[in-house]
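So you can see what is in the structure, the chains are spelled out below.
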Amino acid sequence: QVQLVESGGDLVQPGGSLRLSCAAAGSMFSLYHMGWYRQAPGKQRELVARISSTGDIFYADSVKGRFSISRADDLNVVYLQMNSLKPEDTAVYYCNANRWALDYWGQGTQVTVSS
């Protein structure tokens, strides 16, 4: 069992930056693949970035070159550094932990990009 708590969401102007954090409570965090997803109003939840238990990283095309995912297994935390934010990045961002058939989700944190 893994409990996930996201933080760091905020209102930011276009071109600004934010860092999201996801703190995990539970055992064997390092064995989980960790991901950040987002869901904008009226849209489906989509994968933004993912980092495997071995450090392999995937980014959605829409965020490549602007977002960076990282993990600190000693702290049970995964981060999403978001730079050059655009209005279309506005969404609720969710943290996900996956291992085999197990999926855990956080409650989400709101990111709003607006002037």
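As a reminder, the structure under discussion sits directly above these lines.
Residues numbered from 1 in each chain as written. Predicted model: local features only at pLDDT ≥ 70, side-chain atom pairs only at ≥ 80, totals over all residues. Heavy atoms only, no water.

Caption draft 1: Local environment of the sheet that holds strand S3 (residues 18-26). Ordered by their spatial adjacency, four strands build an open sheet running S1-S3-S8-S7, and the pairing between neighbours is antiparallel. Strands with a single pairing partner mark the edges of an open sheet, and in this sheet they are strand S1 (2-7) and strand S7 (67-72). Neighbouring strand axes in the sheet, compared pairwise and without regard to direction, differ in orientation by 15 degrees on average. Looking at chain direction, S3 and strand S8 (residues 77-82) are connected through six bridges and run antiparallel. Along S8, the bridge assignment pairs leucine 18 with methionine 82. (Pairing = 2+ DSSP bridges. Helix = DSSP H or I, 4+ residues; strand = E, 2+ residues; numbered from the N terminus. Axes fitted to C-alpha atoms, helices over the stretch in contact; angles between N-to-C directions.)

Caption draft 2: Broad picture of the state of the cysteines. In total, this model carries one disulfide according to the counting rule given. Residue pairing for cysteine 22: its cysteine sulfur links by disulfide to cysteine 95, the two sulfurs lying 2.1 Å apart. When the S-S torsion is -85 degrees, as for the bridge of cysteine 22 with cysteine 95, the disulfide is left-handed. Taken together, the positions of cysteine 22 in strand S3 and cysteine 95 in strand S9 (residues 91-99) put the pair 73 residues apart, joining distant regions of the chain. Assigned by exposure class, cysteine 22 and cysteine 95 land together as buried. (Disulfide = S-S within 2.5 Å. Buried < 20%, exposed > 50% of the residue type's maximum accessible area, 1.4 Å probe, protein only.)

Caption draft 3: How the structure looks around the environment of valine 12. When you line up the elements, valine 12 lands in strand S2 (residues 11-12). According to the relative accessible area criterion, valine 12 is buried, its value standing at 12%.

Caption draft 4: Here's a closer look at the nonpolar core. Counting 30 residues, the largest nonpolar core has Leu4, Met34, Trp36, Leu80, Met82 and Tyr93 as its most contacted members. Put simply, the parts of the chain that give this core at least two residues each are S1, S3, strand S4 (33-39), strand S5 (46-51), S7, S8, S9 and strand S11 (109-113). Tyrosine 93 has contacts with Glu6, Leu20, Trp36, Tyr37, Arg38, Val48, Phe67, Leu80, Met82, Gly108, Thr109 and Val111, leaving out every residue within four places of it along the chain. (Core = buried A, V, L, I, M, F, W, Y, C linked by side-chain atoms within 4.5 Å. Contact = heavy atoms within 4.5 Å.)

Caption draft 5: Structural view of the pattern of salt bridges. One pass over the full model with this rule turns up five salt bridges. A salt bridge links glutamate 46 to arginine 38, with the shortest nitrogen-to-oxygen separation between them at 2.7 Å. Under the relative-accessibility criterion, glutamate 46 is labelled partly exposed at 36%. With relative accessibility at 6%, the residue arginine 38 sits in the buried group. The shortest N-O distance in the salt bridge between aspartate 89 and arginine 66 comes to 2.7 Å. Remark: arginine 66 occurs in the loop between strand S6 (57-59) and S7 and aspartate 89 occurs in the loop between S8 and S9; sequence separation between them is 23 residues. Through salt bridges with shared partners, a single ionic network connects Arg38, Glu46, Arg66 and Asp89. (Salt bridge = Lys/Arg side-chain N within 4 Å of Asp/Glu carboxyl O.)

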